[in-house]
Every structure is written in C-alpha cells, then in structure tokens.
Amino acid sequence: MLLNLPMKARRRLILIAFPVAALLAGGSVVFISPMLLFGLLLVEITLLMLLQKPSWLIWLSLFGGGISLNTINRGERIMLPVVGGVNLDGFRLLAFFVGLMLIGVSHRFLTRRFNLWPYLLFIGWAATTLTRSTVPGDGITMLVRLIYPYLIFMAIIVICARLPQEVLVLEGAIKYGAWTVLLASYALIVFQGGYFQLAGDISRFRGIAGGMSTLGGYAVLMSLYFSSRFLVYGERKMVLPALLFAAIVIMSVSRISIMGLIVGIGILCLLTKRWKILVVCCGLILIGAMSDAPLWWRMFYSRPQSWTKVVATASSKELLASINLQGRDTVWRESWERFSSQVLMGGGLETTGAYSAQRWGPGVIHNEYLRILLETGVVGFGLWLTSYLVVSVQLVNVLRNPVTSRSHWPVLALSALAFYAAFCFFDNGLDYFGPIAQYVWAFSALALAQFRALSSGSKQRMSSLAG
C-alpha cells in the first residue's frame, strides 16, 4: 500500500503528483470551470497528507468540521456533473472518505482485535437494504455518511495506539478549529451585523457552518469540550469560549440544540460532581433561552413573542398543547403508516427522505431513531443502538479506571453521546456527519485511545498524555 512505502518512494510520488495536479487544474480553469481548481487542490492535499503522514488527514477533518465549504458558492452542485453534480461539502466528504478508506485498508481495520463489530454489522446490513431502496443513488450517499464516523473512530484508535502523542495533536485540531469558527462567527456579528438567515418571521444566526441546526450542534459539542477542560482540570481560561459557544447555540434558535446543550452540560456536571456549576449553567442557559424572543416564537408559533406574555396568558397544559413541532408529529405518523409493513427488514436507505420529499417537499423526517428503524428494519436498528451502547459501556469503564479517571476525555465523550442521543430525537444527526457525528465518535475514540496508551505505556508517557 502507498502508506507503507519508504519515505523516498513517497517523495517521488509527491514530485510526480504536483505537476500532474497542476496540469489538471490548469485545464479545468481554461476548459471546464474555475471551481474545479478548488476541488482538485483538495484532492491533491488529501493525497499528500496520506503519503506524508496519515494523521494529518484526520487532523484536517477535525479542524474543518465546523466550516462549510458551501458558504463559498451557496451550495451549488458544480463538482462532478457527470453524476448529477456534487456541492463542495459533498466533494470534501468524498475526498476524505477515499483517504480514510486507504488508511483503513493500509492499517487493516477489519483484522484488528479491538473493533466495533456491531457497527460494522450495521453498515453491512444497511448496504443490503440498497436493493430495496427506491432511491439507491441517495442511499449510497447515506451509506458513505454512515461509514465516515466509523473510519474516523478506528483511524484515531489505530494511529494513536502506534503514536500516543497523536492524542494531543488531534486535540489541537479540535481546539484550533473551534477557535477559528468562534472568531469567524463573532467577526460576522461585529463587522457585518451577523450572518443571519430569515426563517419565516424570525432571524437565526447561521455563521459559517452551513445551517442553523448544523451550527447549533457543532457549538454544543465545542462548548462541552471547553467546559470539560474547565471542570476536570480547573482551566479558567476555558470558561469564556464555552460561554461564547453556548451563546451561539441560543442565537441559532435551534430548539433541539438548546435542549441538547442542557442535557450535555447536565451529564458533564454530574460525572464531575460539580453540582453548583450544574445549577449555574442550566440557569444561564434558561435565562438566555427565555430572553430569546425568536426562540419562543418558534416554540409556540402563534403565541406572543415575549415570553412573559406567554407565561401570563396560558396555563401549563395550554403551553404544552401549543408547542410547535413544525409538522414533525404529522411526518412521523404518516411515515410510520407508510413503512410500518416493512419494519422487520427495512424499506431501504433514504426511502423515508424520498417519501418526505414527495409528500411535503425537500426535507427529512427529523427523527433518527424512526428513520433507522423504517429504513434498515429491526435488525439494523438493533445493531445501530447496540454499537452506541457498547461504546458507552467502554467509556464508563474508562472513567472508572484510576488511570484515566482524571482525564477530560471520558466525561466529554459520555456527555457528547448524551447530547447526540437527545439531538437524534428531533433531527437527523447522521446527516451532519462532519460538524456533529464525527466529533461524537472522535471524542469516544480519543478517550479509548488515551486509556489504551496509558494502560500499556510508561510513566513518562502517562504524564505527557494525562492533560
């Protein structure tokens, strides 16, 4: 494999790759489309990273997960017109996916004693449902999204097992990427009045993540990351970025992200036994949410925008009955009625999306549990849930072990899983493979990788990886 070649051979390939890429890029600019230059450069960077150092590809994926390339051209499908067109984010997914697959083959993921077999079986089962899918092309895209977080998970564990210091390197990618998104977001607010998108009668902050729910979910995970550093190590400098990301969650007016932030922070404080901070954090989030008039407008739709008027004019039962699900309950009910007869084997990947688009217009059914159940059946749903339960049990064991009991990774990973579990009740978290799903899996992988390194390493290695 290319990744196992000697360094001299790699350098020769690099010297060959540069002029070839330059010719292709020049031809694309002159004869096809200037934007193809960007795509070819992305592929070139991916190959160079694989040839030079595989962990760089993972670093770039974790660094740029919260940055949407579609911001450049508003998501136009200009790449690969032969297959119907792919936007820049989709092209990045394809390039990184191929790179991660090469890492997987080179490092023999499937022969590793440590592997997430329930999820591998889930992927295999999901692939078989493509034969039943009404939109197999979209189903293949969904299958790539399902495989991508697993490849990140295994690549981190395998590479960090050989080079334990990569735990710190990859954490740097997460941290620097978070600061980049944070600074860019608040720069937009200060210098441009904010990059807001009008949704109905309200304005929602979307930043550079590509969407409000995307930004909200990413901001929750980064807020949890900085909060975990503060709660475990007492690093007070982490409080400010944690609060700034929490503010972004509220500005996105993403109700599920706000609820997920409360769940994640709650689990984080419970695991670290910081009861006072739990009360303060939840209080601040609720105060911020209550002062967010667009959020209350979305929550109750026909109710007054001021939360004080909402509380004053309705009983608790009336408030509960008037919660606006934006048609989700109707979508869930009709999707279940449409596909319940196929619930045993599953109707095929992306069939619910195709039905939703035909019935109500472009969109998803906004419930990952129902989606996986209807598309992959009871077998696929069971394997999918089992894989997350297996990882959760492993993380609890890591947290209980004296070697890693004072590390921020296991508490961060468990709180991220709790957030993701809540998020998937009202949205399709697997679609957000870059800004959300990959970080949930990466946090878990880094926790497990650190535990394996500390358990088998020297005292010097333990001291260098503990913080």
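Chemist: Quick question: what am I supposed to make of the pattern of salt bridges here?
Modeler: Pairs can form between side chains of opposite charge once their charged atoms are near each other. With the rule as written, the count across this model stands at nine salt bridges. Between Asp89 and Arg92 there is a salt bridge, with its nearest N and O atoms 3.2 Å apart. Highlighted residues: Asp89 and Arg92, both in helix 4 (residues 88–106), separated by three residues, approximately one helical turn. Residue Asp89 shares its accessibility class with Arg92, and that shared class is buried. Two residues, Arg371 and Glu368, come together in a salt bridge whose shortest N-O distance is 3.2 Å. One end of the pair, Arg371, and the other, Glu368, are both in helix 17 (residues 368–400), three residues apart, so they sit about a helical turn from each other. For the residue pair Arg371 and Glu368, the accessibility class agrees, reading buried in each case.

Chemist: Hey, could you run me through a positive patch on the surface in this one?
Modeler: Together, Arg108, Arg112, Arg113, Arg162 and Arg452 make up a region of like positive charge exposed at the surface. Mapping Arg108 onto the fold places it in the loop between helix 4 and helix 5 (117–128). On the basis of relative accessibility, which here comes to 54%, the residue Arg108 falls in the exposed class.

Chemist: Just checking my understanding: could you explain the environment of Ser407 for this structure?
Modeler: Structurally, the position occupied by Ser407 is in the loop between helix 17 and helix 18 (408–426). The buried category is assigned to Ser407, whose relative accessible area is 3%. The sequence separation of Ser407 and Arg229 amounts to 178 residues, and the corresponding C-alpha distance is 8.9 Å. Polar contacts involving the side chain of Ser407 include one to the main-chain amide nitrogen of Trp409, which spans 3.2 Å. A polar contact of 2.6 Å, which involves the side chain of Ser407, links it to the side chain of Gln450.

Chemist: Please explain the environment of Tyr439 as it appears in this structure.
Modeler: Mapped onto the elements of the fold, Tyr439 is located in helix 19 (residues 433–456). For the pair formed by Tyr439 and Leu62, sequence separation is 377 residues and the distance between their alpha carbons is 7.4 Å. Those residues in contact with Tyr439, other than ones at most four positions away along the chain, are Ser61, Leu62, Phe63, Gly64, Gly65, Gly66, Ile174, Tyr218, Leu221, Met222 and Gly434. A distance of 3.2 Å separates a polar side-chain atom of Tyr439 from the backbone nitrogen of Gly65.

Chemist: When you look at the packing of helix 5 against helix 17 in this model, what are you seeing that I'm missing?
Modeler: The axes of two packed helices give the description: the angle between them and the distance between them. The interhelical angle for the contact between helix 5 and helix 17, taken along N-to-C directions, is 165°, at an axis separation of 8 Å. Between helix 5 and helix 17, the angle is such that the two are roughly antiparallel. Here helix 5 and helix 17 pass one another in a crossing that is left-handed. Contacts from Pro118, Tyr119, Leu121, Phe122, Trp125 and Ala126 in helix 5 reach Ile372, Thr376, Val379, Gly380, Leu383, Trp384, Thr386, Ser387 and Val390 in helix 17. Residue classes in the contact of helix 5 with helix 17 are distributed as 11 nonpolar, four polar and no charged.

Chemist: Which parts of the structure should I look at to understand the packing of aromatic side chains?
Modeler: Here the distance between the centres and the angle between the planes together describe a pair of aromatic rings. If you walk through the whole model with that rule in mind, you get 24 aromatic pairs. Relative to Trp441, the ring of Tyr119 has its centre 4.7 Å away and its plane inclined at 65°; by these criteria the two rings are edge-to-face. With Tyr119 in helix 5 and Trp441 in helix 19, the pair connects residues that are 322 residues apart, well separated along the chain. The same class applies to Tyr119 as to Trp441, namely buried. A centroid spacing of 6.3 Å and a plane angle of 40° characterise the contact between Phe381 and Trp384, whose relative ring orientation is tilted.

Chemist: Please clarify how the packing of helix 6 (residues 136–162) against helix 19 should be interpreted in this entry.
Modeler: Where helix 6 contacts helix 19, the two axes come as close as 8 Å, and the packing angle between them is 25°. Between helix 6 and helix 19, the crossing angle belongs to the class labelled roughly parallel. Crossing handedness for the pair helix 6 and helix 19: right-handed. Facing helix 6, whose interface residues are Arg145, Tyr148, Pro149, Tyr150, Ile152, Phe153, Ile156, Ile157 and Cys160, helix 19 presents Phe433, Ala437, Gln438, Trp441, Ala442, Ser444, Ala445, Leu446, Leu448, Ala449 and Arg452. For the contact of helix 6 with helix 19, the per-class residue count stands at 16 nonpolar, two polar and two charged.

Chemist: Help me out: how do you make sense of unusual backbone geometry in this one?
Modeler: Leaving glycine aside, a negative phi is the common case for residues, and trans is the common case for peptide bonds. Its identity is not glycine, yet Val253 carries a phi of approximately 55°, on the positive side. Looking at where Val253 falls in the secondary structure, it is placed in the loop between helix 9 (239–251) and helix 10 (255–272).

Chemist: I keep staring at the confidence of the model for the protein chain and nothing clicks. Help me out?
Modeler: Low pLDDT means the predicted atomic positions in that stretch should not be read closely. Residues of the protein chain with pLDDT of at least 70 account for 73%, and the chain-wide mean is 78. In this model, residues 302–308 is a region of pLDDT below 50 whose contacts with residues beyond four sequence positions or in other chains number 14 contacts. Confidence drops under a pLDDT of 50 for residues 458–467, and excluding neighbours within four residues, the segment shows 20 contacts in the predicted structure.

Chemist: Would you take a moment to explain the nonpolar core for this structure?
Modeler: Side chains of a nonpolar character, in soluble globular proteins, are inclined to be buried together. Counting residues in each nonpolar core, the largest one holds 106 residues, and the members touching the most others are Ile156 and Phe443. Discounting chain neighbours no more than four positions away, the residues touching Phe443 are Ile174, Leu221, Met222, Trp409, Leu412, Ala413 and Ala416.

Chemist: Could you clarify how one ought to interpret a nonpolar patch on the surface in this entry?
Modeler: Taken together, the side chains of Leu243, Val280 and Leu284 present a nonpolar region at the surface, about 280 Å² in accessible area. Mapped onto the elements, Leu243 comes out in helix 9.

Chemist: Where do I start with helix 15 (residues 328–339) in this structure?
Modeler: An α-helical segment advances 3.6 residues per turn. Residues three or four places apart therefore align on the same side. Under the 1.5 Å per step criterion, the end-to-end length of helix 15 is 16 Å for 12 residues, consistent within 8% with the ideal 16 Å. For helix 15, the full list of buried residues reads Arg328, Val331, Trp332, Glu334, Ser335 and Phe339. Lining the buried residues of helix 15 we find helix 10, helix 16 (351–360), helix 17 and helix 18.

Chemist: Mind showing me how you'd approach helix 17 here?
Modeler: The end-to-end C-alpha distance of helix 17, which contains 33 residues, comes to just 30 Å, noticeably less than the 48 Å that a straight helix rising 1.5 Å per residue would cover. At Gly377, helix 17 shows its maximal kink, close to 130°. Capping of helix 17 at its N-terminal end is provided by Asn367; its side-chain oxygen lies 3.1 Å from the backbone amide nitrogen of Tyr369.

What counts as what
Counting restarts for each chain, with residues numbered from 1 along the sequence as it is written. Totals for whole chains, interfaces and linings use every residue, but because this is a predicted model, local features are given only for residues with pLDDT of at least 70 and side-chain atom pairs only at 80 or more, for both listing and counting. By convention in this description, side-chain values take in all heavy atoms of the structure and omit both hydrogens and water. Should a side-chain nitrogen of Lys or Arg be within 4 Å of a carboxyl oxygen of Asp or Glu, the pair is scored as a salt bridge. Working definition: helices are DSSP H or I runs of at least four residues, strands are E runs of at least two. Numbering for both runs from the N terminus. Think of it in three bands: residues with accessible area under 20% of the maximum for their type are buried, residues over 50% are exposed, and the middle band is partly exposed, with areas taken using a 1.4 Å probe on protein chains only. Residues enter a patch when their relative accessible area is above 30% and they make no salt bridge; the linking distance is 9 Å between like charges and 5 Å between nonpolar side chains (Val, Leu, Ile, Met, Phe, Trp, Tyr). Each accessible area is a Shrake-Rupley estimate made with a 1.4 Å probe; only the visible protein chains count as cover when residues are assessed. When charges are tallied, Lys and Arg are placed among the positive residues and Asp and Glu among the negative ones, while His and the ends of the chain are skipped. Taken as the charge centre is NZ of Lys, CZ of Arg, CG of Asp or CD of Glu, depending on the residue. N or O atoms closer than or at 3.5 Å make up a polar contact, with two conditions inside protein: a donor-capable atom paired with an acceptor-capable one, and, for residues adjacent in sequence, both atoms drawn from side chains. We call two residues contacting when some pair of their heavy atoms lies within 4.5 Å. Lines fitted to C-alpha atoms define the axes, with helix axes restricted to the stretch in contact, and inter-axis angles between N-to-C directions lie between 0 and 180 degrees. Throughout this description, any angle smaller than 35 degrees is read as roughly parallel, any larger than 145 degrees as roughly antiparallel, any in the 65 to 115 degree range as roughly perpendicular, and the remainder as oblique. It is the rotation of the near helix from the far one that decides the hand of a crossing: anticlockwise by less than a right angle makes it left-handed, clockwise makes it right-handed. Under the scheme applied, nonpolar residues are Ala, Val, Leu, Ile, Met, Phe, Trp, Tyr, Cys and Pro; charged residues are Asp, Glu, Lys and Arg; polar residues are all the others, including Gly. Geometry of aromatic contacts follows a simple scheme: Phe, Tyr and Trp rings, the Trp one being its six-membered ring, pair when their centres are within 6.5 Å, and the pair is stacked under 30 degrees between planes, edge-to-face over 60, tilted otherwise. pLDDT gives the predictor's per-residue confidence on a scale running from 0 to 100. Side-chain atoms within 4.5 Å are what join buried Ala, Val, Leu, Ile, Met, Phe, Trp, Tyr and Cys residues into a set we call a nonpolar core. Take the residue count of a helix, subtract one, and multiply by 1.5 Å to get its expected span. Note on bend: at a given residue it equals the angle between the axes fitted to the 7 residues ending there and to the 7 starting there.

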